[in-house]
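Structure at a glance
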Amino acid sequence: MRFKAQIQNISTFTKLTASLNSLGPLAWVKLSEEQVCFTIIPEQGTQVWAVLSIDAIFETISVQSAANNVINLEVPLISLNRALKSALNATSAQIRLTKKDNMPMLALTIVTTTSSNSYSAFPTAGPNNDDGFDAPFDNAFGGNRETVVTQEIPVRVLPPDTVANLHEPQTREPDVHIILPPLMQLKSISDRFTKLALADTKSGPGTTASRTRLEVAANMHGCLKMSIKTDAMSISSVWTDLSNPELDPAQISGGVTGLADHPSTRMKQLGSADGRSEEGWATVRIDGRDWGKVMSVGRLGGRVIACFCHEHALILYVYLPNDNGDDESVLTVRVRFLTLDTRAEADISTVLRQFVQRMMQDQVVYRLSANHE
Amino acid sequence: MVVLNFTLTPEAASKVHDLLVCLGKFSETVAIEARRERFTFTALNSSKSAYCAVTLDGKQFFRQYECIPDAGGTDGRFSCSMYTRALLSVFKGRLYDPLGRDGAVERCEVSLQDQDNEAYCRFIIKMVCNQGVTKTYKLTYEAVDVMHALFDRSVAQNRWSMHSGATREYIEYFGTKTELLDIFTGEDGRCVFKSYTEKISDGKEILKHPLVTAVAVNTSDFEYFNVQAGLHIVISVKDFKAIVLHADTLKTSLKAYYSQPTRPLQFSYGCDGLVAEFTLMTSGDYTGAPPTPTPAPQQHTATPQQSRQASHSPSAASERTDMRSMRSEMPPPVQPASRRDQNGRLRNPGSRQPSSAPSQSQTVPPQAEPEDEESLFVPHNDTRMQEEEDAAWAPMDYDKEETLGWDASADHDAAVFPTFRDSGSMSRTTTTDSNMVIEPTQRLSEITGLW
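Remember, it's a predicted structure, so these values are computed and weren't measured experimentally.

Rules and cut-offs
- Sequence positions are assigned chain by chain, starting from 1 and proceeding in written order.
- Note on labels: chains are lettered from A, ligands numbered from 1, in written order.
- Local features in a predicted model are, by the rule used here, given only for residues with pLDDT of at least 70; side-chain atom pairs are given and counted only at 80 or more, and totals for whole chains, interfaces and linings are based on all residues.
- Hydrogens and water are ignored here; the side-chain numbers use all heavy atoms of the structure.
- A run of H or I in DSSP becomes a helix once it reaches four residues, and a run of E becomes a strand once it reaches two; helices and strands are each numbered from the N terminus.
- Under the scheme applied here, a residue whose accessible area is under 20% of the maximum for its type counts as buried, over 50% as exposed, and between as partly exposed, the area being computed with a 1.4 Å probe on protein chains only.
- In this description, contact between two residues means that some pair of their heavy atoms is separated by no more than 4.5 Å.
- Accessible surface area values rest on a Shrake-Rupley calculation with a 1.4 Å probe, where residue burial reflects the displayed protein chains alone.
- Strands are labelled as partners when DSSP assigns at least two bridges between them.
- Lines are fitted to the C-alpha atoms to define the axes, a helix being fitted only along its stretch in contact, and any angle between axes, read from their N-to-C directions, falls within 0 to 180 degrees.
- Summed over both partners, the accessible area lost on bringing two parts together, with a 1.4 Å probe, is the buried area.
- Should a side-chain nitrogen of Lys or Arg be within 4 Å of a carboxyl oxygen of Asp or Glu, the pair is scored as a salt bridge.
- Counted as a polar contact is a pair of N or O atoms within 3.5 Å, where, for protein atoms, one must be capable of donating a hydrogen and the other of accepting one, and residues adjacent in sequence contribute only when both atoms are in side chains.
- Any residue that is not Ala, Val, Leu, Ile, Met, Phe, Trp, Tyr, Cys, Pro, Asp, Glu, Lys or Arg is counted as polar, Gly included; the first ten are nonpolar and the last four charged.
- Every helix has an expected span of 1.5 Å times one less than the residues it contains.
- Confidence scores labelled pLDDT are given residue by residue by the predictor and lie between 0 and 100.
- The criterion for an aromatic pair is that two Phe, Tyr or Trp rings (for Trp, the six-membered ring) have centres within 6.5 Å, with stacked assigned to planes under 30 degrees apart, edge-to-face to planes over 60 apart and tilted to the rest.

**Points about the overall build of chain B**
What chain B contains, in helices and strands, is ten helices and 18 strands. Evaluated residue by residue, chain B yields a buried proportion of 50% over its 451 residues. Partitioning the intrachain contacts of chain B with sequence separation of at least 6 by distance along the chain shows that 69% fall at a separation of at least 24. Accessible surface, chain B as shown: approximately 21,300 Å² in total, 51% of it carbon and sulfur.

**A look at the overall build of chain A**
The helix and strand inventory of chain A stands at twelve helices and 18 strands. Residues classed as buried in chain A amount to 49% of the 373 residues present. Put simply, of all contacts in chain A between residues at least 6 apart along the chain, 67% involve residues at least 24 apart. Accessible surface, chain A: about 18,000 Å² in total, of which carbon and sulfur atoms supply 50%.

**Section: the sheet that holds strand β12 (residues 213–218) of chain A**
All names here are of chain A. Taken in spatial order, the four strands make up an open sheet running β14-β13-β12-β15, and their pairing is antiparallel. Looking along the sheet, the strands with just one partner apiece sit at the ends: β14 (234–239) and β15 (282–287). For this sheet the average axis-to-axis angle between neighbouring strands, irrespective of direction, equals 20°.

**Observations regarding the sheet that holds strand β1 (residues 3–8) of chain B**
Residue and element names in this part refer to chain B. Pairing in this open sheet of five strands is antiparallel, and the strands run β5-β1-β7-β8-β9 from one edge to the other. Looking at which strands have only one partner, the edges of the open sheet turn out to be β5 (64–68) and β9 (134–139). Within this sheet the neighbouring strands show an average axis-to-axis angle of 15°, counted without direction. Bridge analysis of β1 against β5 gives five bridges, and the strand direction is antiparallel. By the bridge assignment for β5, T7 is matched with Q64. Where helix α1 (residues 10–24) meets the sheet, its contacts fall on β1 and β7 (105–113), and the angle it forms with β1 comes to roughly 110°.

**Describing the interface of chain A and chain B**
If you look at the interface, chain A gives 48 residues, while chain B gives 45 residues. Of the roughly 4,200 Å² buried where chain A meets chain B, counting both sides, 57% is carbon and sulfur surface. Along the contact surface separating chain A from chain B lie zero salt bridges. Taken together, the links from chain A to chain B amount to eight residue pairs in polar contact (both at pLDDT 80 or more). Where the side of chain A that touches chain B is concerned, the elements lending two or more residues are β6 (71–76), α3 (77–85), β8 (103–114), α4 (117–120), β9 (145–154), α7 (183–200) and α11 (288–294) of chain A. For the side of chain A that touches chain B, the class distribution of residues is 15 nonpolar, 16 polar and 17 charged. Pairing analysis gives six bridges linking β9(A) to strand β13 (residues 212–218) of chain B, with the strands arranged antiparallel. Pairing of Q151(A) across the sheet is with T213(B), part of β13(B).

**Here we look at the pattern of salt bridges**
All names here are of chain B. All chains considered together, the criterion is met by 16 salt bridges over all chains. We note a salt bridge from R77 to E33, for which the minimum N-O separation is 3.3 Å. Of the two residues, R77 sits in the loop between β5 and β6 (78–83) while E33 sits in strand β2 (residues 29–34), which places them 44 residues apart along the sequence. When its relative accessible area of 35% is taken as the criterion, R77 is described as partly exposed. Close ionic contact of E109 with R107 constitutes a salt bridge, the shortest N to O distance being 2.7 Å.

**Focus: the environment of V157(A)**
Residues and elements named next belong to chain A. Its place among the elements puts V157 in strand β10 (residues 156–157). Judged by its relative accessible area of 33%, V157 is partly exposed. With 86 residues separating them in the primary sequence, V157 and I71 have C-alpha atoms 7.7 Å apart. Each residue touching V157, except ones within four places of it in the same chain, is listed here: M1, N72, L73 and P104.

**Comments concerning helix α4 (residues 237–250) of chain B**
Residue and element names in this part refer to chain B. For α4, built from 14 residues, the straight-helix expectation of 20 Å at 1.5 Å per residue is met to within 8% by its first-to-last C-alpha distance of 20 Å. For α4, the buried fraction is high: ten of the 14 residues fall into the buried class. Within α4, burial applies to V237, D239, F240, A242, I243, V244, H246, A247, D248 and L250. Two to three positions downstream of the cap, the backbone nitrogen of K238 sits 3.2 Å from a side-chain oxygen, assigning the N-cap of α4 to S236. Just past α4, the residue K251 takes up positive phi, approximately 55°.

**What to know about the confidence of the model for chain B**
All names here are of chain B. Residue-level pLDDT values for chain B average 73, and 63% of them are 70 or greater. This model gives residues 288–379 a pLDDT under 50, and the stretch forms 157 contacts once residues within four places in sequence are excluded. Note that pLDDT drops below 50 for residues 409–434; the model gives that stretch 44 contacts with residues more than four away or on any other chain.

**Details of the packing of aromatic side chains**
Summed over all chains, the structure comprises 23 aromatic pairs over all chains. Here the aromatic rings of F13(A) and F58(A) are separated by 5.8 Å at their centres, their planes lie at 80°, and the arrangement is edge-to-face. Separated by 45 residues along the polypeptide, F13(A) in helix α1 (residues 10–23) and F58(A) in strand β5 (residues 58–64) bring together distant segments of the chain. Per residue, the accessibility class of F13(A) equals that of F58(A), and both read buried. Centroid distance F39(B) to Y65(B): 6.5 Å. Interplanar angle 80°. Geometry classified as edge-to-face. Placement of F39(B) in strand β3 (residues 38–44) and of Y65(B) in strand β5 is noted, with a sequence separation of 26 residues between them.

Right under this line is the structure:
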């Protein structure tokens, strides 16, 4: 079993591992000479299925194994990220699978040519630099220092049969697909919502997940709505003028007729571009804290398309910025959605409690109509 | 009656802050020893494996310095012990403001109130600021005898010296949770700094094993390098980081002196009347080094050191066993220098000196690292910027106490820039210690990249 690669795009690789690390501590990394897959399947939370073309992060790669030249590893992301961070200013970085004391590990070898400027540009007693011609001076006296840093990341090699049954789950065609606004903006608003919800119902009933339930909805007219409701408040933010990318008929089963029958085509008939209409929204409910973690993929800086399956699933496709447009690397992030049952239960109790409270306060009779929402 | 008065420039006061931050990483109390010519801060960690002494020269470091001890003539001294935290709350960060803005400190006057006719003994520190403001702090102290670890440089033949900026770069590669640092001198003209942790366990735990980081440095990158090849010497990574970070605040060269594993190692650096010395316990593979040390082949500079080492080395193997037996009946460390030879060991000085400072006894809990006050500010530095960005993208920690409500306390220090807290960086703003006063010393216009 051999794996060796020259890392080309250290910054992207570092950001990728940092984003993944927010979503889970361990990643299943599937290495082959065609592509690299990073998968996170936590017991609870958000799944990530990332498929990267080799040239997105590696320059040269060689993978050899008895199982069709595929190597499956379990990698602690925090260590990998930490190791990669030290390579940010490297002149070259190489990663390979080795064994030490019979323990498998990924060894990252980083060569940095320390610009001696970083410390000798301000010598304690050095009048040498005031004319700005310090480069020859540095080269003559200890410039071009080459330092080799080796970072050893402990890993576990996964036998092929343990991962053979893991496949990306299939979901139905999405009702709405939309390009998300800048994730930093989205994150700061959703973080605030979640914080408020937690502060408001510290002593309230239900699990934390039901308390920080964030409702995210989008329509086919460029609107995204994020809202949170608790006993005491209901807040929502609406983004408008976002874009719903056109589907390519060639990518859809049934071609042009398939596109006409596509759920998103039907959703286009409903709703409006100002986001005020009640119709045409595809809604999912997610845990605000999960969402906060998901937003961490924003650091990759790529385009993010959210696909909403109404009351069913939310999938984010994060495209890594790439020079050549055709062979893009994609991160598929499946946000954990809250199931209908716990939601309904929480809702009814909330409505009831609100009702009783208001009755006591206002001495006004309200009509209780508790459907599922 | 002791007289102790001195005045510090703002630059010097800020250096006192830096050194207290460093010593605070070793112990929660710092001992002070004032003599006629010099002033020393010392700290000993709770496991007594690290001893730090920072000596300030009376003439060079201070603007004015006067110390007349009680008795003892030229060797007389005044010594006491204080909480590092208490001193740090007086010697805050950023005391030195090169722009001399409003409220900047002009000088710092320290005097000791130790008279018989006074009700209290206090350390009085006056910060004289511009615009006629004077801040006076009175600190309590505990009179103690100060313990010193002794280190004999003449037996420490292995020496190197390197600019602190370079070592600072190396420690940044180290993983966060590692414990030990192995300094290894290879035969190939390289010196390897390896940070690691002793094995925890097997199985699933393997993946929790911290990173092992090895930084291989050409010995030609050292300013001076003369170490026996094949020698492994192991110290604590945390201590090394604390030392390097402090040395880097002075932009000076860090010098190391050591003989062999299990014997103490000393780091030393200094400039402008400040000399810092750290004596650390070492471990390491005794047998790893060649039994008869070869006179190091790859030296770049021929110095008197080399010849000394050569003459010393043939007897090293036999000498080692001698020293081991000698250690068990070693005399108390406070002895004339002539008798200290080869016994500067620091394993457990407390047991040999019953008069050791009570405040430095084994029961002192390990000191948590003091908060980095700088982290409140948006740095101009690239790596810091990177960290800022990372923090902004990181998932928020909702368990941290941050509630939105009425603040009736009229204490608005924690919310200098309320807009900060609303723009996604709140998890960081709330981590600041509530009893720490935060002054608005950075203008909004200096900040880029947050919005």
